[in-house]
Amino acid sequence: MEKSLKWKFILIVVILVITCFYLAPSVFTMPSWWTSTFPSEKVSLGLDLQGGMHLLLEVETEKALSNTIDRMIGELKDVLLKERIPFDRIERVQNDTLLIEILNPEEYKDKFTKLLEEQFPILEKQSVDEKEKVVTYTLGLSLKEKQYLQTFAVDKGLETIRNRVDEFGVAEPIIQKQSEDRILIQLPGIKDPKRAIDIISRTALLEFKIVNDENDLNKALKGEMPFDSEILYSKLEDKKTGEMTKTPYLLKKSTLLTGEHLTTAGVRFDQFNRPYVTLAFDSIGGKIFERITGENIKKRLAIILDNNVYSAPVIKDRIGGGGAIIEGNFTSETARDLAIVLRAGSLPAPVRILEQRTVGPSLGQDSIREGLTSTLVGGIAVVAFMAVYYLLSGVLANAALLLNILIILAALAAFRATLSLPGIAGIVLTIGMAVDANVLILERIREEIRAGKTPRAAIDAGYSRAMSAIIDSNLTTIISALFLFQFGTGPIKGFAVTLTIGLTASLFTAIVCTRVVYDYVLSKWRVKKLSI
Amino acid sequence: MELIKPNINFDFVGKIKWALTFSLSLFALSVLSLLLKGGPRYGLDFIGGTVVQVKFANQVDIGEVRAAVDNLTIEGISVQEFGEKDANEYLISMKTTSEELEGISDKIRAVLEQKFGAKSLEIRRVEMVGPKVGKDLRQKGMLAVIFSLIGMLIYIWYRFELRFGLGAIFCLVHDVVITLGVFSILNKPVDLIIVAALLTIVGYDINDTIIVCDRIRENMKKMTQKSLREVINTSINQTLSRTIITSGTVVIVLIALFFLGGEVLHDFSFCLLIGVFFGTFSSIYVATPLVIYWEKFFPKKKRR
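Procedures and definitions
- Here the residue index of a chain counts from 1 through its sequence in written order.
- Each chain gets a letter, beginning with A, and each ligand a number, beginning with 1, in the order they are written.
- With the structure being a predicted model, the display of local features is reserved for residues of pLDDT at least 70 and the display and counting of side-chain atom pairs for 80 or more, all residues being used for whole-chain, interface and lining totals.
- Segments assigned H or I by DSSP are reported as helices when at least four residues long, segments assigned E as strands when at least two residues long, and all are numbered from the N terminus.
- Put simply, the radius of gyration uses C-alpha atoms, and a globule should come to 2.2 Å times the residue count raised to 0.38.
- Burial is judged by counting other C-beta atoms within 10 Å of a residue's own C-beta: 20 or more means buried, 12 or fewer means exposed, and anything between counts as partly exposed, with every C-beta placed from the backbone.
- Note on contacts: each residue gets a C-beta atom placed from the backbone, and two residues are in contact if those atoms are within 7 Å.
- Expected helix span is given by 1.5 Å per residue-to-residue step, counting one fewer step than there are residues.
- By definition, a residue's bend is the angle between the axes fitted to the seven residues ending there and the seven starting there.
- For two strands to count as paired, DSSP must find a minimum of two bridges between them.
- Just so you know, the domain bounds were taken from an automatic or database domain assignment.
- Under the grouping applied here, Gly and all other residues not named as nonpolar or charged are polar, the nonpolar ones being Ala, Val, Leu, Ile, Met, Phe, Trp, Tyr, Cys and Pro and the charged ones Asp, Glu, Lys and Arg.
- Note on method: axes are straight lines fitted to C-alpha atoms, helices fitted across the in-contact stretch only, with angles between N-to-C directions ranging 0 to 180 degrees.
- Here the angle decides the label: under 35 degrees means roughly parallel, over 145 means roughly antiparallel, 65 to 115 means roughly perpendicular, and every other value means oblique.
- Crossing handedness is defined as follows: a turn of the near helix away from the far one that is anticlockwise and smaller than a right angle gives a left-handed crossing, while the clockwise case is right-handed.
- Defined on buried residues, the nonpolar core groups Ala, Val, Leu, Ile, Met, Phe, Trp, Tyr and Cys residues joined through C-beta atoms within 7 Å.
- By definition, pLDDT measures how confident the predictor is in each residue, and it falls between 0 and 100.

Before going further, it helps to spend a moment on the overall build of chain A. Within chain A, the regular secondary structure consists of 14 helices and 19 strands. Against the compact-globule benchmark of 24 Å for 532 residues, chain A has a radius of gyration of 35 Å, which places it well outside the compact range. Its C-alpha atoms give chain A principal-axis dimensions of roughly 110 × 65 × 45 Å. Looking at the 532 residues of chain A, the share that counts as buried comes to 38%. A separation of at least 24 residues holds for 69% of the contacts in chain A among residues at least 6 apart in sequence.

Turning our eyes to something else, we now look at the overall build of chain B. When helices and strands are counted, chain B shows 10 helices and 4 strands. In chain B, the succession of helices and strands from N to C terminus is α-α-β-α-β-β-α-β-α-α-α-α-α-α. Over its C-alpha atoms chain B spans a radius of gyration of 24 Å, topping by over 25% the 19 Å that the globule rule assigns to 304 residues. Principal-axis analysis of the C-alpha atoms places the extent of chain B at approximately 80 × 45 × 30 Å. Burial status across chain B gives 45% buried among its 304 residues. The long-range share in chain B, meaning contacts at least 24 apart out of those at least 6 apart in sequence, stands at 77%.

Quick look at helix α13 (residues 455-487) of chain A now. Three or four residues apart is the spacing at which side chains of an α-helix point the same way, because the helix has 3.6 residues per turn. If you check α13(A), its first and last C-alpha atoms are 47 Å apart, about what 33 residues at 1.5 Å a residue would give, namely 48 Å. When the local axis directions of α13(A) are compared, the greatest deviation, roughly 35°, occurs at M467(A).

Take the pairing of strand β5 (residues 123-130) of chain A next. Residue and element names in this part refer to chain A. Pairing of β5 with strand β6 (residues 134-141), which is carried by 7 bridges, proceeds in the antiparallel orientation. For V128, the partnering residue across the bridge sits in β6 and is Y137. Here β5 folds back onto β6 in antiparallel fashion, the turn holding 3 residues.

Moving on, we come to the domain arrangement of chain A. All names here are of chain A. Domain parsing of chain A yields domain 1 (3-51 + 360-524), domain 2 (57-193) and domain 3 (202-345). The centre of domain 2, based on its C-alpha atoms, is set 24 Å off from the matching centre of domain 3. Each side of the interface is counted separately: domain 2 has 6 residues, and domain 3 has 6 residues. Broken down by element, the side of domain 2 that touches domain 3 gets its largest block of residues, 5 residues, from helix α6 (residues 143-168). Partitioning the side of domain 2 that touches domain 3 into residue classes produces 1 nonpolar, 3 polar and 2 charged.

All names here are of chain B. Packing of helix α6 (residues 162-185) against helix α10 (residues 287-297) brings their axes to within 8 Å, and their N-to-C directions diverge by 140°. It follows that α6 is oblique to α10 by the angle criterion. Two packed elements cross with a definite hand, and for α6 against α10 that hand is right-handed. Across from R163, F164, L166, G167, A168, F170 and C171 in α6, the residues of α10 making contact are A287, L290, V291 and W294. Of the residues that constitute the contact of α6 with α10, the class distribution is 9 nonpolar, 1 polar and 1 charged.

What follows covers the sheet that holds strand β4 (residues 97-103) of chain A. What holds strands together in a sheet is hydrogen bonding between their backbones, with the strands either parallel or antiparallel. All names here are of chain A. Spatially, 4 strands are ordered β3-β4-β6-β5 in an open sheet, and the strand pairing comes out antiparallel. Unpaired on one side and paired on the other, β3 (87-92) and β5 mark the two borders of the sheet. On average, each strand axis in the sheet is tilted by 15° relative to the strand beside it, whichever way the strands run. Of the pairings in the sheet, the one linking β3 to β4 comprises 4 bridges and is antiparallel in character. From the neighbouring strand, R92 faces β4, where its bridge partner is L98. Of the strands in this sheet, β3, β4, β5 and β6 are in contact with helix α4 (residues 61-83), which crosses β3 at around 165°.

Turning next to the nonpolar core. With 203 residues, the main nonpolar core has L342(A), A425(A), A168(B), A196(B), A197(B) and L198(B) as its most contacted residues. Looking at this core, the element that brings in the most residues is helix α7 (residues 192-222) of chain B, giving 17 residues. Not counting residues within four places of it along the chain, the set of residues in contact with A425(A) comprises F495(A), A196(B), A197(B), T200(B) and F268(B).

The subject of this paragraph is the domain arrangement of chain B. Partitioning chain B into domains gives domain 1 (13-43 + 133-297) and domain 2 (49-129). For domain 1 of chain B and domain 2 of chain B, the distance between their C-alpha centres works out to 39 Å.

Moving on, we get to the interface of chain A and chain B. On the chain B side, the residues contacting the 60 residues of chain A number 59 residues. Counting residues per element, the ones that place at least two in the side of chain A that touches chain B are β18 (351-359), α11 (361-414), α12 (421-450), α13 and α14 (490-524) of chain A. It is α11(A) that provides the largest number of residues to the side of chain A that touches chain B, a total of 16 residues. A per-class count over the side of chain A that touches chain B returns 31 nonpolar, 19 polar and 10 charged. Pairing of β18(A) with strand β4 (residues 121-129) of chain B, which is carried by 5 bridges, proceeds in the antiparallel orientation. Across the sheet, the residue bridging to E355(A) is V129(B), located in β4(B).

What follows is about the confidence of the model for chain B. Residue and element names in this part refer to chain B. Per-residue confidence for chain B averages 84 on the pLDDT scale, and 97% of its residues sit at or above 70. By mean pLDDT, the top-scoring element of chain B is helix α1 (residues 16-36) (92), and the lowest-scoring one is α10 (79). As scored by the predictor, the complex reaches a pTM of 0.78 and an ipTM of 0.83.

What follows covers α11(A). Residues and elements named next belong to chain A. End to end, α11 covers just 26 Å across 54 residues, shorter than the expected 80 Å (1.5 Å per residue, more than 12% under). Considering bend angle alone, the principal kink of α11 is centred on Y390 and spans about 145°. Just past α11, the residue R416 takes up positive phi, approximately 55°.

Okay, the pairing of strand β7 (residues 174-177) of chain A next. Residue and element names in this part refer to chain A. Where β7 and strand β8 (residues 182-188) come together, 4 bridges link them in antiparallel fashion. Within β8, the position partnered with I174 by the bridge is Q186. The turn linking β7 back onto β8 is made up of 4 residues.

What follows concerns the environment of R242(B). As for its position among the elements, R242(B) is in helix α8 (residues 228-260). Residues R242(B) and I4(B), 238 residues apart in the sequence, show an inter-C-alpha distance of 9.1 Å. Discounting chain neighbours no more than four positions away, the residues touching R242(B) are V439(A), L440(A), E443(A) and I211(B).

We now examine the packing of α8(B) against helix α9 (residues 262-285) of chain B. Residue and element names in this part refer to chain B. Contact geometry for α8 and α9: axes closest at 9 Å, N-to-C directions at 170°. Here α8 is positioned roughly antiparallel relative to α9, judged by the angle of their axes. Counted together, I236, T243, S247, V250, V251, L254, L257 and F258 of α8 and L265, H266, S269, F270, L272, L273, V276, T280 and I284 of α9 form the full contact between these two elements.

This part is about unusual backbone geometry. All names here are of chain A. With a phi angle near 50°, D306 is a residue other than glycine that sits in the positive phi range. Among the secondary structure elements, D306 is positioned in the loop between β15 (301-305) and β16 (308-311). Of note, the phi angle at R416 is positive, near 55°, even though the residue is not glycine. Tracing the chain through its elements places R416 in the loop between α11 and β19 (418-419). Residue class for R416 comes out exposed when judged on the 11 C-beta atoms lying within 10 Å of it.

As summarised here, the arrangement of the 8 strands in space is β7(A)-β8(A)-β2(A)-β18(A)-β4(B)-β1(B)-β3(B)-β2(B), forming an open sheet in which the pairing is antiparallel. Single-partner strands in this sheet number two, and they are β7 of chain A together with β2 (78-81) of chain B. Geometrically, the sheet is characterised by an average inter-axis angle of 20° between neighbouring strands, direction not taken into account. With 8 bridges joining them, strand β1 (residues 49-56) of chain B and β4(B) adopt antiparallel strand pairing. Looking at the pairing, T50(B) lines up with M128(B) of β4(B). The strands touched by helix α3 (residues 62-70) of chain B are β2 and β3 (89-94) of chain B; relative to β2(B), the strand with the most contacts, the crossing angle is about 160°.

Structure follows, in structure tokens:
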């Protein structure tokens, strides 16, 4: 064997071994010694083929800003009262700005400015409007703080959603940041999409507030709202008719405790076998809870989740030990889901669903089955044609084609890329172009034979003349595939991946592999007539 | 076995005027249809909306499904049969998304289950795309396609000559517009899968054109005594066997996909069939005339 031929032969064997190595886990169940030492990724199928849910969420980061401003307003009020600085109006004017009016500016302006600098460094003075008796400040969040809050809202949201999905129990979920404020979630094989969406997209902000029984609820409903109170509703759904009944509650505005101090949440059943959710606080939360209950005996404590009042039991006594329960009209499933969500924590900002795609498992199976049969039938027809038309040379081309497809699948497993319908489209185009490369070479060899060349010379000339056309056409397509990969989204990307891998492999199989076989055969035997 | 006789010498270049007339009138027809309908009919991916695909176990008439969902009073809701006849599978589509109407797909499931019973139906697919994402997908898809076309043009320009590059790109535009035109005339929606198919056509087409141009490039060096017309005609004839065989094998695969690939691959393979047909035609009759006409207006000094 010639030296260069030997090296090519070794290269082909190495690539073949690597291909089998990556492909094996997809075909066989591998023993444990293999999975623990070697890569054992299977070729993973896209959601359109295996069924599942694709969700694209947008985090409403403006809400994270306005929440912060609301909190600042509460803190400012407390501090101003404590420092005895007289103020009039204080309110949020935009998502990220607030307005405050300080009275008697000559006396208090400097004191207020100093206080702002010391205790509220994240607020920046945007404008100051000074009149004789009152000075109006417009305070806004600094740019740095805004960016921090927005990134935090998305990152923390991502982490929280990941925890929730983990607790819900989905095999191989994909949860990742898509752009600045978007989160992509892919849950393969999910059976109950509605429930999954409920768990994922719930904000789950748990708050404890005291019910205002000193003022009249009906007057407040008509518009005479006490300055420190607000109205929230409890919503009860009748399970038979699906009708919603809303009950209003007049609550003190200030939040006494949030879910931030929860350590865990679980589901229990009462003596009537009705489920309820138990909460356990950490030591700080437990102390706060003990203080609240101690100070408000005989009053009602409302437990609020996402601005829905769940229950408002009367506090009978100081409650120590750091635990509480939420009662509501739960089924065991909704109680379990609520516990999952509370354990994973609340989202720092609400999320909105931008895109949802769900493919049922039966449709996925049908797609795979139909996709496979049709590709197989088409493939076999092409293979048969090649063998009939080009005889042994056609069989050789078919072998190269098979190797090409195996390399694509192995590369998909190795790069952990998913195979989806557009990916199959990419493979179909690859097969077309790989067949074409072989046809080009074979037609050229035939031409050279007709021109009277010996088999050896015809093969040399055929390969070298067909080469430029093959390389040019494959490279142009690879260039366009690279651009598509860079700029495309979802399906277009999937298409570009299989196409790039396939064409690179096709250059190798069509030009190198088949040539080695011809060269080997010609060096071993005296061939007078090519089977072509 | 041989399908095309080796010494074939069909006068392709002589028929250029006829071919161009055919080609241009199809092109014009496509553009006309696209203009009249205000661009292609974008599918769910690009305009946003909701689609629910439902399959019934028993015989259910389309009128019954329509009556059931009409109770929801959703604007522009439509029901159409999906898949084979008597498959009892329907597509319920609407422009509204859950962003505006909470849990729209659950409501549809609820009314259907109420009317037909929970066991007798299966929700096989729900797709909801918000208008914002639709716009995003449209823009990104377009950018990807434009950049990849520019990339190809530059490569062909570098490897061949500008006139070949322009001819090839013109070919692509020709095929993509005609394919889009056929979709527009048949009122089929264009979604991401169809964009993938159009990209496949582009890839196939550029391949086809390059093979012919490569032979022309090679023969221009060999046949210096012949005119450009003759060189081109010989080149097309020499590659004819390969053109027919490759297109034939691709068409075999596509026909298999079209008839056996199920509903999802149906439009996809249909799009490719049109594209491959016109792609093969255009690499002979659109790219080469452009090279010939270019030569007429900007003749090279060393050639006659």
